[in-house]
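Letter by letter, the chains look like this.
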Amino acid sequence: MAHAPTPLSKRALIDRSYLEHRAKVLDLASFLDRIDRASGEGADDFRMRAFESCCALLIDGQPNRAQRILELLSDHSTEPIARAGTKGATGAVPPSSGGAR
Amino acid sequence: MYIDPHIHMVSRTTDDYQRMALAGCVAITEPAFWPGYDRSSPEGFQDYFRQLTDFEPKRAAQYGIRHHTWLCINPKEAEDPVFAREVIALIPQFLDCPSVLGIGEIGLNKNSRNEMEILEAHLELAASRDLMVLVHTPHLEDKLKGTRLIMDAIKNQAKLDPSRVLIDHVEEHTVGIVLERGFWAGMTLYPDTKCTPQRAVDIFEMHGTERLWMNSAGDWGQSDPLAVPKAQLEMRARGHDEAAVRKVSFDNPLAFLSQSGRFKVS
Ligand SMILES: [Zn+2]
């Protein structure tokens, strides 16, 4: 089997999952509102700049949004780094790393 | 019925084994992993490998689940190459254990030079012993770059056949390049940092069901040892037939793992 096409119709998928994703949109909106209301540093956090770019991809009308968002959030450099200073990842490419697209 | 081909049971309770058995789990494979802190000596790994090869199979068997394992030093602990090579030297003494399937989960974490060196050392061991390999790919922003570096390192080992290597934790941006190069690919159903059941089913719909499996990677972090049966439910609710559900959650892991000559489901 080359691929397993989506068996459900557009309408059936919307009926099944609209409310779940309506709630997720409200989560995104209230997350942005919460950051706006908070004080202190962070207004220029690189993760939130990346987040805004992801939101723009959501409504550009083109296919493969999930893949394109993951690519947008990926380090595009090709050489191993000199040392692993930390074990964790941040979820967006730090501007200092030079790997942002 | 299902197989969870990547789960860290040393971090889970016996209740989880019971719940997994009730949900239809018949076999699992447990790759060697990072415990959340760096072990202070290679002897810590000696004990861990005994736990993986001796204690866990017995605990799983109480619930009719076959337990298998993969051995390595995980890339998260591989930044000190001298220490890592001492751990790799311990692995051969465990390779004759009947439940050891191969080397894993090896790979990269931050894509550093030291991690690369230790990845290559593991690949040499696998190639020299004709062992199967289970690969961990990095998290989040490091995944795409790490997946490419890992695939290149494997291709440099001419004796390693990609059809005996599974590259795990693929997502929408890496699944295509992994399958194109002849490897098997694993999707991990893990909160926040990897796939949801919904996205895993999307990936089956977009990329097909050949050389692809799914696992929970349940461990000491927030994770779900029942993630595979939940993805089975999602597949059925999305209109996929039982043959497709069985293929990705049982037939595919069985086909890949049986290449070891050691994998058993009953
Ligand atoms: Zn793992």
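Residues numbered from 1 in each chain as written. Chains lettered and ligands numbered in written order. Predicted model: local features only at pLDDT ≥ 70, side-chain atom pairs only at ≥ 80, totals over all residues. Heavy atoms only, no water.

Section: the overall build of chain B
Item 1. A tally of helices and strands in chain B yields nine helices and eight strands.
Item 2. Against the compact-globule benchmark of 18 Å for 266 residues, chain B has a radius of gyration of 17 Å, which places it among compact chains.
Item 3. For chain B, the spread of C-alpha atoms along the principal axes amounts to about 50 × 40 × 35 Å.
Item 4. Counting across all 266 residues of chain B, residues that qualify as buried make up 64%.
Item 5. Counting only contacts in chain B whose residues sit at least 6 apart along the sequence, the fraction spanning at least 24 positions is 74%.
Item 6. For chain B, the computed accessible surface area is about 9400 Å², with 50% contributed by carbon and sulfur atoms. (Helix = DSSP H or I, 4+ residues; strand = E, 2+ residues; numbered from the N terminus. Rg over C-alpha atoms; globule rule 2.2 N^0.38 Å. Buried < 20%, exposed > 50% of the residue type's maximum accessible area, 1.4 Å probe, protein only. Contact = heavy atoms within 4.5 Å. Areas by Shrake-Rupley, 256 points an atom, 1.4 Å probe, with all protein chains shown as cover.)

Some details on the coordination of the zinc ion
Residue and element names in this part refer to chain B.
Item 1. At the metal site, the zinc ion is ligated by His 6 (NE2), His 8 (NE2) and Glu 105 (OE), and these contacts range over 2.0 to 2.1 Å.
Item 2. Here the donor residues of the zinc ion are spaced in sequence according to H-x1-H-x96-E. One end of the pair, His 6, is in the loop between strand 1 (2-4) and helix 1 (14-22); the other, Glu 105, is in strand 4 (residues 100-107), with 99 residues separating them in the sequence.
Item 3. Judged by relative accessible area, His 6 falls into the buried class, the value being 1%.
Item 4. Using a relative accessible area of 1% as the deciding quantity, one classes Glu 105 as buried. (Donors = N, O, S within 2.8 Å, 3.2 Å for Na, K, Ca; no water.)

Describing the packing of helix 2 (residues 46-58) of chain A against helix 3 (residues 65-72) of chain A
Residue and element names in this part refer to chain A.
Item 1. Two elements in contact, helix 2 and helix 3, have axes separated by 10 Å at closest approach and are oriented at 160 degrees. On the basis of the axis angle, helix 2 is roughly antiparallel to helix 3. Relative to helix 3, helix 2 is oriented so that their crossing is right-handed. Mapping the contact onto sequence places Ala 50, Ser 53, Cys 54, Leu 57 and Leu 58 in helix 2 and Arg 65, Arg 68, Ile 69 and Leu 72 in helix 3. (Axes fitted to C-alpha atoms, helices over the stretch in contact; angles between N-to-C directions. Parallel < 35°, antiparallel > 145°, perpendicular 65-115°, else oblique. Left-handed = near helix turned anticlockwise from the far one by under 90°.)

Some remarks on the side chain of His139(B)
Item 1. On the secondary structure map, His139(B) appears in the loop between strand 5 (132-136) and helix 5 (143-155).
Item 2. Excluding its chain neighbours within four sequence positions, the residues that come into contact with His139(B) are Ala89(A), Lys76(B), Asn109(B) and Lys194(B).

Observations regarding the interface of chain B and chain A
Item 1. On the chain A side, the residues contacting the 36 residues of chain B number 37 residues.
Item 2. Buried surface at the junction of chain B and chain A, both sides included, amounts to about 2900 Å², of which 55% is carbon and sulfur.
Item 3. Considering only the side of chain B, the residues that lose the most area to chain A are Lys110(B), Glu141(B) and Lys145(B), jointly responsible for 23% of the buried surface there.
Item 4. Counting the contacts that link chain B with chain A gives four salt bridges.
Item 5. For the pair chain B and chain A, the interface holds 14 residue pairs in polar contact (both at pLDDT 80 or more).
Item 6. Of all the secondary structure elements, the ones that give two or more residues to the side of chain B that touches chain A are helix 4 (113-129), helix 5, helix 7 (197-207) and helix 8 (227-237) of chain B.
Item 7. Residue composition of the side of chain B that touches chain A, by class: eight nonpolar, twelve polar and 16 charged. (Buried area = accessible area lost by both parts, 1.4 Å probe. Salt bridge = Lys/Arg side-chain N within 4 Å of Asp/Glu carboxyl O. Polar contact = N/O pair within 3.5 Å; in protein donor to acceptor, adjacent residues only side chain to side chain. Nonpolar A, V, L, I, M, F, W, Y, C, P; charged D, E, K, R; others polar.)

Here we look at the pairing of strand 7 (residues 184-188) of chain B
Every regular strand shows the same layout, with side chains that alternate between the two sheet faces.
Residue and element names in this part refer to chain B.
Item 1. Most of strand 7 sits out of view: five of its five residues are buried.
Item 2. Neither face of strand 7 is open: one carries Trp 184, Gly 186 and Thr 188, the other Ala 185 and Met 187, and all of them are buried.
Item 3. Bridge count between strand 6 (residues 165-167) and strand 7: two bridges; the pairing is parallel. Of the residues in strand 7, the one forming a bridge with Leu 166 is Trp 184.
Item 4. For the crossover that starts at strand 6, traverses helix 6 (residues 175-180) and ends in the parallel strand 7, the hand is right-handed. (Pairing = 2+ DSSP bridges. Right-handed = clockwise from strand over helix to strand, strands pointing away.)

Observations regarding the layout of surface pockets
Unfilled space is identified by rolling a water-sized probe across the atoms.
Residues and elements named next belong to chain B.
Item 1. Taken as a whole, the second largest pocket encloses approximately 340 Å³ of empty space.
Item 2. What lines the second largest pocket is a set of 23 residues, among which Phe 33, Lys 76, His 139, Tyr 190 and Lys 194 lie closest to the centre.
Item 3. Taken together, the residues of the lining of the second largest pocket sort by class into seven nonpolar, nine polar and seven charged. (1 Å grid on protein atoms, 1.4 Å probe; cavity = no way out; pocket = protein on both sides within 12 Å on 5 of 7 lines; lining within 4 Å. Points joined across faces, edges and corners; volume = space filled by probe spheres on them.)

Observations regarding the environment of Met1(B)
Item 1. Tracing the backbone shows Met1(B) in the segment before strand 1.
Item 2. In the structure, Met1(B) is positioned 34 residues away from Pro35(B) in sequence and 29 Å away in space, judged by C-alpha atoms.

Observations concerning empty space enclosed by the protein
Residue and element names in this part refer to chain B.
Item 1. Taken as a whole, this structure holds one cavity of 30 Å³ or more when the rule is applied.
Item 2. Of the volumes computed, that of the largest cavity is approximately 30 Å³.
Item 3. Where the lining of the largest cavity is concerned, the elements lending two or more residues are strand 4 and helix 4.
Item 4. When residues in the lining of the largest cavity are grouped by element, the largest group, four residues, is from helix 4.
Item 5. Across the lining of the largest cavity, the residue classes tally to six nonpolar, two polar and one charged.

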